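Results of the structural survey
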Amino acid sequence: MTSLSAKHFSIGVCDYPEHVPAEDWQKHARLQQSLGLSWVRLAEFSWAKIEPAEGQYQWEWLDNAIDIYAQHGLQVVLGTPTATPPAWLITAHPEILPVDENGQVKKFGSRRHYDHASETYRVHCVRIVTAMAKRYANHTAVKGWQTDNELGHEGTTVSYGGASEARFPLWLEEKYGTLNKLNDAWGNAFWSQDYTTWQQIKAPNLTAVRQANPSHKLDYQRFCSDMIVEFQKLQIEILRSVCPEHFITHNCVIFSAECDLYKLAEGLDFVAWDSYPIGMLEFFATWESEQVKTEYARTGSPDLVSLNHDLYRGLLSQKHFWVMEQQCGHANWAQFNPLPADGAVKLWTAQAWAHGASSVIYFRFRASHFAQEIMHSGLLKQNGQPDRGYHEVEQLAISDFELGESDNRIAVVHDYESLWSYNHQPHNQDLSYWYQFVLFYSGLRKLGLTVDIVHPKQLKQRNYKLVVCPALTLLTPESARSIKEMSDSAKFIFGPRTDFRDQYGKAAEQGQFQQLKSLIKGQLLNFDSMRPTLNQTIISSKPNDVQHQGRLWCESYQADECQTLYRYQGGPLDGQAAVIESHSAITVGALSESLIESVIKQQCKSLHIPVEDVSLPDGVRVTQINNKQLLVNFNQHAISVKGQELSPVNYKLV
Ligand code: GAL
């Protein structure tokens, strides 16, 4: 690992010198320098430009570009160009191409057109990454590397044929050893699915009735995730040995759901992610209402953005991270792509810093006048004139952004295997792992709480007082152990469906909470997946307390050696427990924003964790940083909160 650890917050930009005439490079670098930028990220899609035919390298253009940045005091992050294998390589080795869920081989003509398991592709990646690393190992301006680009993004984690499908049986054999074990683990007694040879096992697509076994799907997802991790590891090994002084990072995707990012992050010096707050709300947050999407159409939603910051900071145990691509104008890939509100670029930058970013890199410098991203903006317009984002970056006062370490006492637990399992059988078309996760995360943020997002295995790294597990539906024995180890020192809040499945994705034979029975001390009675037009009333065991309404999912419990805090009123679950509490855990069975918020609030009070008496107004959030608070206002109107006046789309450090 390099010893790089940031001392100051810095900003930079993604640049594509290969997209503009070389005569403009000097001028661009001068503007970048005068904007106060420290970094440029380069070359992540430039394979065909660097190696136009196999073995024929053309480095001069990139050498010249890097020299020009260097002359202007800019430091360079190079992307390994493996997200875009060139046409000549695909022509020579079409077997590199991935296969979609309908069994169709994907075609050349965009990006990410490769199967991570392809040995042929890996050989070529090793070659190009080694050549590039050797070329720039000693260039003084080059400081670090981004591996590939957004690994697994745009539905490219899983390939349903080719090299992946061929390797899957080997991966399974290594994992299970015998087919009996696999048949048992997957429950293949069901629908006569027992396998008698490893080679019979294929990718879980195109099954006759399109309902593949969820345990089969889970293992295929794990396998494809492992292939990405393995694929990246090859690059990390080369970069470490050829450029030992350089840092290595990777730019993860918004609400990434495909690859186990805790595994992907191992071996990186720090994590980065790509933040597009407007598209995030419009495109990824399928659960949000039209009203919310309209209100925050020009800023994105504060909780969704901060959740991603907290998630990526957590991958490497709360280390500073980078935003490798920060939206700085309108994007092009969501259903609608509004212009950001005035002030949004500054607001996003400040929020990223408060959540632990040490660098924010804007995407991109000059808008492209060709190809897929012709409709995307940059700091400069296509004609080279400054665009709106440029002027905002000009006004940024980054010297206010002093780097600090977070020291939070509340953990929110996240796990990719639960995510996959939940989403493979949501049992309600409006439910997803992230939806349920966001309900709990927002409940915390509305109360003014700053939190860490962690994997169960990271729980013991900090002395957490409160641990919230929104959607931990699948528990491996290791995760269950990590949770149980904390049960003397922390209080847990679990969401619905907790500990419902074992490591193979099967429901526990003894019923829900089999692995956490020492903490939860209740039993599942029923679960109810409700259509959006149904509601379920929930009442408190305390007299005269407010009622809540459950939506989409309510499950009820038999309270064995625990207390019932809330119960259902009316409907099929009438009278049954909705929220139960034992010594170390509260389990919430219903999805209800107000119920979740009030459970968190009561619990914080009893643990002496300071919370807001009145929830923060919508669009306003607070983050603790360096014994100060960053207040953000994502609303397009001024608002007065905590004795402070916040102007529209703005922030204040108090
Ligand atoms: C990102 C991607 C960039 C660019 C950008 C456009 O997801 O990494 O290459 O496509 O989106 O918003």
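Each value, and the rule that gives it
- Residues numbered from 1 in each chain as written.
- Predicted model: local features only at pLDDT ≥ 70, side-chain atom pairs only at ≥ 80, totals over all residues.
- Heavy atoms only, no water.
- Buried < 20%, exposed > 50% of the residue type's maximum accessible area, 1.4 Å probe, protein only.
- Helix = DSSP H or I, 4+ residues; strand = E, 2+ residues; numbered from the N terminus.
- Arc of directions from axis to C-beta.
- Contact = heavy atoms within 4.5 Å.
- Pairing = 2+ DSSP bridges.
- Domains from an automatic or database assignment.
- Buried area = accessible area lost by both parts, 1.4 Å probe.
- Salt bridge = Lys/Arg side-chain N within 4 Å of Asp/Glu carboxyl O.
- Polar contact = N/O pair within 3.5 Å; in protein donor to acceptor, adjacent residues only side chain to side chain.

Of all the positions in helix H17 (residues 477–485), only Ser479, Ala480, Ser482 and Ile483 are classed as buried. What you see down the axis of H17 is that its buried residues fit within an arc of 160°, all on one side. Residues of H17 that are buried make contact with strand S13 (491–494) and helix H18 (517–520).

Quick look at unusual backbone geometry now. In this model, Phe363 is joined to Arg364 through a cis peptide bond whose omega is -5°. By the element assignment, Arg364 lies in the loop between strand S9 (357–363) and helix H14 (388–395). Despite not being glycine, Ala371 shows a phi value in the positive range, around 65°. One non-glycine residue, Lys521, adopts positive backbone phi at about 55°. Tracing the backbone through its elements, the reader meets Lys521 in the loop between H18 and strand S14 (522–529). Here Lys521 falls in the partly exposed class, since its relative accessible area comes to 29%.

With that out of the way, let us pick up the environment of Leu78. Relative to the helices and strands, Leu78 resides in strand S3 (residues 75–79). By relative accessible area, Leu78 is classed as buried at 0%. Taking C-alpha positions, Leu78 is 4.8 Å from Trp145, a pair spaced 67 residues apart along the chain. Other than its neighbours up to four places away in sequence, Leu78 contacts Leu42, Ala43, Ile66, Met132, Tyr136, Val142, Gly144, Trp145 and Gln146.

Counting buried residues along S3, four of its five residues qualify, which places the element largely inside the surrounding structure. The pairing of strand S2 (residues 39–42) with S3 spans four bridges and is parallel. Paired with Leu42 across the strands is Leu78, a residue of S3. Looking at chain direction, S3 and strand S4 (residues 142–146) are connected through four bridges and run parallel. Along S4, the bridge assignment pairs Val76 with Val142.

This part is about the domain arrangement of the protein chain. Considered domain by domain, the protein chain is made up of domain 1 (46–267) and domain 2 (410–606). On a C-alpha basis, the centres of domain 1 and domain 2 stand 35 Å from each other. Across the boundary between the two partners, domain 1 contributes 20 residues, which contact 20 residues of domain 2. Of the roughly 1700 Å² buried where domain 1 meets domain 2, counting both sides, 60% is carbon and sulfur surface. Among the residues domain 1 hides against domain 2, the three largest losses belong to Leu218, Arg222 and Tyr262. Together they make up 37% of the total. Counting across the interface, domain 1 meets domain 2 through one salt bridge. Ionic pairing is found between Arg222 and Glu417, a salt bridge with its closest N-O pair at 2.8 Å. At the junction of domain 1 and domain 2, the tally comes to six residue pairs in polar contact (both at pLDDT 80 or more).

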